[in-house]
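One letter stands for each residue in the lines below.
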Amino acid sequence: MICPLCGGPLHVDDARRFVCERGHELDHGDVQEAAGVRVMVALWMAIDALESRATALRSLASMGPATDGDHLIHDASEAEKDATLLRTLAARAVRNPDYTDRRDQGVGDA
Ligand SMILES: [Zn+2]
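Computed from a predicted model, the values in this text were never measured in an experiment.

A. Seen up close, the overall build of the protein. Helix and strand counts for the protein come out as 3 helices and 3 strands. For the protein, the sequential pattern of α-helices and β-strands runs β-β-β-α-α-α. Taking all 110 residues of the protein together, 13% fall into the buried category. Restricting to contacts in the protein with at least 6 residues of sequence separation, those with at least 24 account for 45%.

Next comes the structure, spelled out in structure tokens:
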């Protein structure tokens, strides 16, 4: 687990609190919320990157016969499909906020 305040390692101390190496203390609700937010931010960054890639590849393909247009269009379509898949995952995470947090709870209980 990663501390949402400093990005350092987060662990469970003897009092079952979440503490990082810099001394940030978080309760269960903070950790649960941070884990969900972190996943959502990562998903949307990936979606944005894939859509930007698709746009760039389609622009390159439109530049004429000097480019490998068919290959570029194919790769752009694949990037768009991947972005659509990630949008589905992001929507699932919003509908079920616990979806992103169960794994972290399992790690904390180990
Ligand atoms: Zn910290």
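B. Here's a closer look at the sheet that holds strand S3 (residues 25–26). Across the sheet, which stays open at both edges, the 3 strands sit in the order S1-S2-S3 with antiparallel pairing between neighbours. Bordering the open sheet on either side are strand S1 (10–12) and S3, each of which pairs with just one other strand.

C. Fine view of the confidence of the model for the protein. Mean pLDDT for the protein: 85, with 85% of residues reaching 70 or above. Within the model, the stretch residues 102–110 combines pLDDT values under 50 with 5 contacts to residues more than four positions away or in other chains.

D. Quick peek at helix H1 (residues 28–61). Here H1 is 34 residues long and its end C-alpha atoms lie 50 Å apart, about the 50 Å a rise of 1.5 Å per residue gives. Taken residue by residue, H1 has Val 31, Ala 34, Ala 35, Leu 50, Ala 54 and Leu 57 as its buried positions.

E. How the structure looks around helix H2 (residues 69–95). Between its terminal C-alpha atoms H2 stretches 39 Å, which fits the 39 Å expected from 27 residues at 1.5 Å a residue. The inward-facing, buried residues of H2 abut H1.

F. How the structure looks around the nonpolar core. The biggest cluster of nonpolar side chains holds 6 residues, and these are Cys 3, Leu 10, Phe 18, Val 31, Ala 34 and Ala 35. No other element matches H1, which puts 3 residues into this core. With 5 residues, the next largest nonpolar core counts Leu 50, Ala 54, Leu 57 and Ala 79 among its residues.

G. Geometry of the environment of Leu 85. Within the element layout of this structure, Leu 85 appears in helix H2. With 12 C-beta atoms counted inside 10 Å, the residue Leu 85 sits in the exposed group.

H. Representation of the packing of H1 against H2 within the structure. Where H1 meets H2, the closest approach of the two axes is 8 Å, and the angle between their N-to-C directions is 160°. As the angle between them shows, H1 and H2 are arranged roughly antiparallel. Between H1 and H2 lies a crossing whose hand is left-handed. Looking at the contact of H1 with H2 residue by residue, the class counts come to 20 nonpolar, 2 polar and 7 charged.

I. Summary view of the environment of Pro 9. Positionally, Pro 9 belongs in the segment before S1. With 12 C-beta atoms counted inside 10 Å, the residue Pro 9 sits in the exposed group. Linking Pro 9 and Val 19, residues 10 residues apart in sequence, is a C-alpha distance of 8.6 Å. Ignoring anything within four residues of it in the chain, the contact list for Pro 9 reads Ile 2, Cys 20 and Glu 21.

Definitions and cut-offs
- Residues numbered from 1 in each chain as written.
- Predicted model: local features only at pLDDT ≥ 70, side-chain atom pairs only at ≥ 80, totals over all residues.
- Helix = DSSP H or I, 4+ residues; strand = E, 2+ residues; numbered from the N terminus.
- Buried ≥ 20, exposed ≤ 12 C-beta atoms within 10 Å, placed from the backbone.
- Contact = placed C-beta atoms within 7 Å.
- Pairing = 2+ DSSP bridges.
- pLDDT = per-residue confidence, 0-100.
- Expected span 1.5 Å × (residues − 1).
- Core = buried A, V, L, I, M, F, W, Y, C linked by C-beta atoms within 7 Å.
- Axes fitted to C-alpha atoms, helices over the stretch in contact; angles between N-to-C directions.
- Parallel < 35°, antiparallel > 145°, perpendicular 65-115°, else oblique.
- Left-handed = near helix turned anticlockwise from the far one by under 90°.
- Nonpolar A, V, L, I, M, F, W, Y, C, P; charged D, E, K, R; others polar.

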